[in-house]
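One-letter residues, chain by chain:
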Amino acid sequence: MSAPLLSVRDLTVDYASVRRQGRAVDGVSFDIAPGEAVALVGESGCGKSTTALALLRLLPDSTRIGGSIVFDGQNINGLDEKALRQLRGRRIGMVFQEPMTSLNPVQRIGHQIAEVLRVHTNLGSCARRARVLELLHQVAIPDPTRNIRAFPHELSGGQRQRVVIAMAIAMNPDLLIADEPTTALDSAIQAQILELLDRLRRELGMALLLISHDLPLVEQWSDRVIVVHHGQVMEELPSQQLFAQSQHAYTRGLINASVRLHDDLHYTNGRLVEVAANVDPSGDHSFTLTRPPLPASAPALTPSPCDTSLLSVSNISVQYGERRVVDDLSLRLGRGETLGLVGESGCGKSTLSRTIVGLLRPSAGSIRLNGQDILNSDAAARRALRRRVQMVFQDPYASLNPRHRIGELLGNILAFHGERDPIQRQGEVFKVLDQVGLPRSAAYRWPHEFSGGQRQRIGIARALILQPELILLDEPVSALDVSVQAQILNLLADLKATHGLSYIFISHDLAIVRYFSDRVAVMHAGRIVEENDARTLLLAPTHAQTRRLIEAAH
Amino acid sequence: MTQSRRIFRSLLRNFLQAIPTIFIIVTLGFFMLQLAPGDAADFMAAEAGSATAETMAQLRSAFGLDLPLLSQLGSYYAGLANFSLGHSLRYGMPVSELIMQRLPGTITLMAAAIVLAVSLGLLAGTVMGMRPGRWPDRILSVLSLLFYSVPAFWIGLMLIVFFSIRLGWLPTGGGYTLGAKLSGLDWFVDRARHLALPALSLALYYVAIYARLVRASVIEAKSQDHVRTAIAKGMGRYRLIRVHILRSALGPITAMVGMHVAGILGGAVVIETVFSWPGMGRLAYEAILSREYTVLLGILIVSALLVIAMNAIFDIVQSLLDPRVAVR
Amino acid sequence: MSHNPDINDELARRALGPGAAVANAAAGNAEPSSSVRRVLLNPLVVVGLTILSAIGALALLAPLLTPGDPLSIAGPARLWPGEIAAFPLGTDALGRNVLAGVLHGARASIFVGLSATLLGVVIGILIGAVAGYFGGWVDDLIVRFIEIFQTIPSFVLLVVLVAFSGPSLLTVILGIALVSWDVIARLTRSEFRRLSAQDFVSAARVVGYDHSHIIRHEILPNAAPALIVTGSIMVASALLMEAALSFMGLGDPNLVSWGSMIGSGRELLRTHWYLTAIPGGFIVVSVLALNLLGDGLNDVLNPRHGAAGQIS
């Protein structure tokens, strides 16, 4: 390896603001050679984004940075504001996660790209315009001469991210830092943006520092991977060896906790590996990996769809004003079955699930539960039927009312449905907390005292407390870290076995759907375009949309 | 051009919105008029000193005050359609003419106050927001909280005590020096000297609001993604403030000014009575004293129209400043 | 004249932007049980409440401290403050005791401010809640109605209303309530709308709660902080409106209020400016205290968390 372009030694970052305090980065060291693509990978809160921001000193003034960041011979951690400006945008470019907000909303994009040239060169306005057009062409923005005058809100998310990339490479920097550049984008567009970054890196001879939480993604798009946890480097290894030869327990845990499309794992034949981090008194982390056993007395593990169907949705349409979001759609769900519902964002899958639980009213069609029509029965019967269908929401932060203790949150439901005896209610609340694996003391605590995964357990408890037959799981793990995902999926699979539940499992992640579902339906533009058992559908897709989803997942 | 079409559509929308507003105000106002204790004829009679039933009836029929309610309302609508707001007995001229004489005064005062409020607010807010917690921020924060709590008419009176009576620098009231035939620069200076105190009294409350808003926007902007992007581009501090932070704060401030127009107009009414400024507010005060309810109702209608017109202007300014603001 | 609550409406809205409940929660600020304690620990709230209780006590004790009708002549006219010990704040053009006026004026001003605000808040919350929770054509209609109200300069309307119906305590209170309900209605509507769209309200509907339960237990507790903050600012605004009305001679002629004292003191501005300055000072101090209270409540109940800032 030649002399490193960037050399980070013992980097520490301490937050000291009102909003955030404590050590976020704790002695991180790594090198990046010219032209190399290095990935920092880890779960949320591990310090990877803070590290990226520290490299350009973009953190709030109250933050303390320790250690050294040597870029091309000069220590960034000692530079004054003026010298820093010479690096930012000129030698080091940066791409941020959120393309929706990282552009100035009131300026034309051409102007924003030209601004980089204005700051760092003395090109005239004609030359700047020519260079901007060239850059827009380079990042494959369609019709550059027209779009140079576009405002950010007139472009799609992917196009905005291309504009941010154009700004970052405008001065042909030596290093490009990309902080979760595709996390906010649809899976099909993710691949395009990563391809663009990779192509530009080769063309311009830049080094790339890719920050991500996504193991398969960094394996594919980087040369070297640095795994970070709790602000410390766990392991550093070549990307090709990530899945096969990683040694560190934490990395192995992440790998085993995540589901990949070509794994042959199914919830009926095995649980996912759970990683537990143990901190010993000296502050060191050790990790234990466990694969929970399948429940011993599992009832009918492979339900037959021809069984008496639990739910049958016939020809329903849902409209928002003029727009028809669900279009003449029908589906059936057998008792004890899990139906996976996949599709790109905006395909109508969330609308469908909200219609089934009664949050939205369809403009046409019928929904039957156990053969009884939910939509056209009287109020009392409808309420009795609705209790049988519950829902777990995607965002564990927004789905719990911050002003109720967990005990009230769950107990009020029982009270509302006629359970007058507080002792009885408390017993029920404790029981359901046991079932979702939370301590009973949780009943006396507030939602904000829990982590994302714990909150999702509370959300599951809320769905469970009325003893439903069917639970709609609307992207229940997509807001969670990989290791937490595994725990929640294992919990859901266990609950299904012990309670004989049926699930409709909505997700954009084919690998997870493939693991967790008996049958999979692919939704596109408000309709179900293909439906089959999970294995067959992925092996032999017939519809173009299914093939597109599978391709994007690889 | 899309730009001019947007402006046209914005104007059209504001115009269409004005119709039901005016209709409701007129109808409400007319019926409120019936609530009023005594009518103008009573007042005229009282002023003249002689109040025989006969002369009262004559006065009433002369001004149509003896007609049935609905036909009075009908003739009021009909009058409005012809831009007539009725007749002022005391001034002996049509109300619309009377108000038109005073309207420029009010508009001048409001415009001066808005310009003053926005520019001082931007300046103070930027100073505060750039270094929150430092002493300039603390001093200006206390000042803005104070201005935010002071009744405009009272600060006006206190300014008169200090600047006009104690120091003798500025006139105590009026729109211009009576009897002085000035022209050119002298005329302008004379007007400006008369305008200074009323405009400042009216503006201070809004200076406080905008300073607080700009301070909050600047602080918030510093943690915004697009500002971080701009820093990552290598931009210097001052250009960053000017181009990215203040520029994006202008949109919300314009929206706020639009929202405040009605409030500023209300404030102008009181300020005009304090400074004897020749505007609608002063007229309203005179109308209250002489119980000329037609004049009051006319002022209410014209003020609503003025607010609608100024809102239309601010809508356009805002849509020019912020391309995302779609014309509703 | 003043649209005092506008700014706070705006700030509250920004503070409570999408996910603010989450931000509150994340910062550990959502604990209802300890929120009263945290409110009482905030220095702005402490200062505001102290001043307000002092003024409130003076107002309550006014008949004891300065017995008799404050509008009656008590001594020599135009005494400067401190000139005679019996009249620590002096006397006005007619020889009325300024201290008696100020103390009794506090009663009128505070009574008008509180009752007008209470009335306006009740009307505003009812209307705003209906619009925000149920949406649809009811919402459209109410929004149009509120918009019309916002186009009418509220102080001009207030002047016309009170002038037409004859100035009295009742008409002043009704008038101020009538021109200020729209502020709280708009805030309530936007809060209810925002909260109704949140997942936890959807979850409440899925477990079968009815509208009344959802409004009372899910939405109102989360909307309350913003409403309380705006309510406290509205009292300040009502006080200012009452003062301006009385100043223009549209207050209840049988009651003394700070505004009317300024109005009559104004005649002697040139020579006896203290007659204007003293009652005005009391207005400033009370309004300042209310604004401090509002700011403090806003800091505690609606903590702002960094980039909340979509502008549109």
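Residues numbered from 1 in each chain as written. Chains lettered and ligands numbered in written order. Predicted model: local features only at pLDDT ≥ 70, side-chain atom pairs only at ≥ 80, totals over all residues. Heavy atoms only, no water.

- Under the annotation held in an unreviewed UniProt entry, chain B carries the name ABC transporter permease and is attributed to Devosia epidermidihirudinis.
- According to UniProt, the comment filed for chain B under the heading Sequence similarities (unreviewed entry) is "Belongs to the binding-protein-dependent transport system permease family."
- Quoted verbatim from the Subcellular location (unreviewed entry) field of UniProt, the annotation for chain B is "Cell membrane". (UniProt positions renumbered as here; feature names shortened; annotations may be inferred.)

## Describing the overall build of chain C
- Looking only at helices and strands, chain C has twelve helices and zero strands in total.
- Split into buried and exposed, the 312 residues of chain C put 60% on the buried side.
- For chain C, the proportion of contacts with a sequence separation of at least 24, taken over those separated by at least 6, is 74%.
- By element, 69% of the accessible surface of chain C is carried by carbon and sulfur atoms, the whole surface being about 11300 Å². (Helix = DSSP H or I, 4+ residues; strand = E, 2+ residues; numbered from the N terminus. Buried < 20%, exposed > 50% of the residue type's maximum accessible area, 1.4 Å probe, protein only. Contact = heavy atoms within 4.5 Å. Areas by Shrake-Rupley, 256 points an atom, 1.4 Å probe, with all protein chains shown as cover.)

## Section: the overall build of chain B
- When its secondary structure is counted, chain B shows twelve helices and two strands.
- The helix and strand sequence of chain B, counted from the amino end, reads α-α-α-α-β-β-α-α-α-α-α-α-α-α.
- Looking at chain B residue by residue over its 328 residues, the buried ones come to 53%.
- Of the roughly 14500 Å² that chain B leaves accessible, carbon and sulfur atoms contribute 68%.

## Things to note about the nonpolar core
- Ranked by internal contacts, the top residues of the largest apolar core, which has 147 residues, are Phe-153, Leu-296 and Ile-301 of chain B together with Phe-155 and Met-248 of chain C.
- Two domains each provide a minimum of three residues to this core, namely domain 1 (3–95) and domain 2 (98–321) of chain B.
- With 129 residues, the next largest nonpolar core counts Val-259, Leu-433 and Ile-488 of chain A together with Val-201 of chain C among its residues. (Core = buried A, V, L, I, M, F, W, Y, C linked by side-chain atoms within 4.5 Å. Domains from an automatic or database assignment.)

## Topic: helix H10 (residues 237–275) of chain B
Residues and elements named next belong to chain B.
- A rise of 1.5 Å per residue sets the reference length of H10, with its 39 residues, at 57 Å; its end C-alpha atoms lie only 43 Å apart and thus fall more than 12% short of the reference.
- The principal kink in H10, of about 45°, is found at His-260.
- Burial within H10 is extensive, with 30 of its 39 residues counted as buried.
- Positive backbone phi, approximately 50°, marks Ser-276, located one or two places after H10. (Expected span 1.5 Å × (residues − 1). Bend = angle between axes of the 7 residues up to and from the residue.)

## Let's talk about the domain arrangement of chain B
Residues and elements named next belong to chain B.
- Domain boundaries assigned for chain B yield domain 1 (3–95) and domain 2 (98–321).
- Facing 30 residues of domain 1, the contacting portion of domain 2 comprises 25 residues.
- Interface area, domain 1 with domain 2, both sides summed: about 2400 Å², of which 70% is carbon and sulfur.
- Put simply, domain 1 and domain 2 have zero salt bridges between them.
- The tally of links from domain 1 across to domain 2 stands at three residue pairs in polar contact (both at pLDDT 80 or more).
- For the side of domain 1 that touches domain 2, the secondary structure elements donating two or more residues are helix H1 (2–35), helix H4 (69–81), strand S1 (87–88) and strand S2 (93–94).
- It is H1 that contributes the most residues to the side of domain 1 that touches domain 2, 15 residues altogether.
- Looking at the side of domain 1 that touches domain 2 residue by residue, the class counts come to 19 nonpolar, eight polar and three charged. (Buried area = accessible area lost by both parts, 1.4 Å probe. Salt bridge = Lys/Arg side-chain N within 4 Å of Asp/Glu carboxyl O. Polar contact = N/O pair within 3.5 Å; in protein donor to acceptor, adjacent residues only side chain to side chain. Nonpolar A, V, L, I, M, F, W, Y, C, P; charged D, E, K, R; others polar.)

## With respect to the interface of chain C and chain B
- Listed per partner, the contact involves 57 residues of chain C and 65 residues of chain B.
- Connecting chain C to chain B are one salt bridge.
- The residue Asp-295 of chain C makes a salt bridge to Arg-212 of chain B at a minimum N-O spacing of 2.9 Å.
- Counting every contact that joins chain C to chain B gives five residue pairs in polar contact (both at pLDDT 80 or more).
- Counting residues per element, the ones that place at least two in the side of chain C that touches chain B are helix H1 (5–15), helix H6 (136–151), helix H7 (154–165), helix H10 (211–247) and helix H12 (274–301) of chain C.
- For the side of chain C that touches chain B, the leading source of residues is H12 of chain C, giving eleven residues.
- Partitioned by chemical class, the residues of the side of chain C that touches chain B number 32 nonpolar, 15 polar and ten charged.

## Here we look at the sheet that holds strand S3 (residues 37–41) of chain A
All names here are of chain A.
- The strand order across the open sheet built from six strands is S6-S7-S8-S3-S9-S10, with neighbouring strands paired in mixed fashion. Every interior strand has two partners, whereas the edge strands, strand S6 (92–95) and strand S10 (232–238), have only one. Across the sheet, the mean angle from the axis of one strand to that of its neighbour is 15°, orientation sign disregarded.
- As defined by bridge partners, S3 adjoins strand S9 (residues 224–229) across four bridges and the pair is classed as parallel. The partner of Val-38 across the bridge, within S9, is Arg-224.
- Sheet contacts for helix H1 (residues 48–55): S3, S6, strand S7 (175–179) and strand S8 (207–212); angle to S8, the most-contacted strand, approximately 145°.
- Along the sheet face, helix H6 (residues 157–169) touches S6 and S7 and points at about 170° away from the line of S6. (Pairing = 2+ DSSP bridges. Axes fitted to C-alpha atoms, helices over the stretch in contact; angles between N-to-C directions.)

## Description of the packing of aromatic side chains
- Under the criterion given, the structure shown has 14 aromatic pairs over all chains.
- Measuring from centroid to centroid gives 5.0 Å for Tyr-250 of chain A and Phe-287 of chain A, while their planes differ by 45°, and the two rings are tilted. Separated by 37 residues along the polypeptide, Tyr-250 of chain A in helix H10 (residues 249–257) and Phe-287 of chain A in strand S12 (residues 285–290) bring together distant segments of the chain.
- On the basis of relative accessible area, Phe-287 of chain A is assigned to the buried category, the value being 12%.
- Connected via pairs of aromatic rings, a cluster forms that spans Tyr-267, Tyr-503, Phe-505 and Phe-516 of chain A.
- Cation over ring: Arg-212 of chain B sits above Tyr-148 of chain B, and NZ or CZ is 4.9 Å from the ring centre. (Phe/Tyr/Trp six-rings, centres within 6.5 Å; stacked < 30°, edge-to-face > 60°. Lys NZ or Arg CZ within 6 Å of the ring centre and 35° of its normal.)

## Observations regarding the UniProt feature "transmembrane region" (unreviewed entry) in chain B
All names here are of chain B.
- With numbering matched to this structure, UniProt assigns "transmembrane region" (unreviewed entry) to residues 12–33, 107–127, 139–165, 195–214, 249–275 and 295–314.
- Taken end to end, residues 139–165 has its terminal C-alpha atoms 28 Å apart, with 93% of it in helix and 0% in strand.
- As annotated, residues 195–214 comprises 100% helix and 0% strand, and the C-alpha atoms at either end are separated by 26 Å.

## Section: the environment of Pro-181 of chain A
Residues and elements named next belong to chain A.
- Within the element layout of this structure, Pro-181 appears in the loop between S7 and helix H7 (187–204).
- Accessibility expressed as a relative area gives 3% for Pro-181, which makes it buried.
- As for Pro-181 and Leu-155, which are separated by 26 residues in sequence, their C-alpha atoms are 17 Å apart.
- In this structure, Pro-181 is in contact with Val-95, Phe-96, Gln-97, Gln-161, Leu-197, Leu-210 and Ile-211, ignoring residues within four places of it in sequence.

## A look at the confidence of the model for chain B
- On average, residues of chain B carry a pLDDT of 80, and 86% of them reach 70 or more.
- When mean pLDDT is compared element by element in chain B, helix H5 (residues 95–130) of chain B scores highest at 89, while helix H2 (residues 40–48) of chain B scores lowest at 55. (pLDDT = per-residue confidence, 0-100.)

## Examining the pairing of S6 of chain A
Residues and elements named next belong to chain A.
- Residues Ile-92 and Met-94 point to one face of S6 and Gly-93 and Val-95 to the other, with burial holding for every one of them.
- For S6 and S7, the ladder comprises four bridges, and the chain directions are parallel. Following the sheet pairing, Gly-93 is matched in S7 by Leu-176.

## Concerning the packing of H10 of chain B against helix H11 (residues 280–289) of chain B
All names here are of chain B.
- The N-to-C vectors of H10 and H11 enclose an angle of 70°; their axes lie 7 Å apart at closest approach. When the axis of H10 is compared with that of H11, the two are roughly perpendicular. Handedness of the H10/H11 crossing: right-handed. Within the contact between the two elements, H10 uses Leu-265, Val-269, Glu-272 and Thr-273 and H11 uses Met-280, Gly-281, Arg-282 and Tyr-285.
- Broken down by class, the residue content of the contact of H10 with H11 amounts to four nonpolar, two polar and two charged. (Parallel < 35°, antiparallel > 145°, perpendicular 65-115°, else oblique. Left-handed = near helix turned anticlockwise from the far one by under 90°.)

## Topic: helix H11 (residues 258–265) of chain C
- The buried fraction of H11 of chain C is high, at six of eight residues.
- Those residues of H11 of chain C that fall on the buried side of the exposure criterion are Trp-258, Gly-259, Met-261, Ile-262, Gly-263 and Gly-265 of chain C.

## Overview of the environment of Asn-370 of chain A
Residue and element names in this part refer to chain A.
- Considering the arrangement of structural elements, one finds Asn-370 in the loop between strand S16 (364–369) and strand S17 (372–373).
- Each C-alpha atom of the pair Asn-370 and Arg-335 lies 9.3 Å from the other, and the pair is 35 residues apart in sequence.
- In this structure, Asn-370 is in contact with Leu-310, Arg-335 and Glu-469, ignoring residues within four places of it in sequence.

## Topic: the pairing of S9 of chain A
Residues and elements named next belong to chain A.
- With six of six residues buried, S9 lies mostly within the body of the structure.
- With burial as the criterion, each face of S9 is covered, one bearing Arg-224, Ile-226 and Val-228 and the other bearing Val-225, Val-227 and His-229.
- Pairing of S9 with S10 involves six bridges; the strand directions are antiparallel. Residue Val-227 lies in a different strand from S10, and its bridge partner there is Glu-235.

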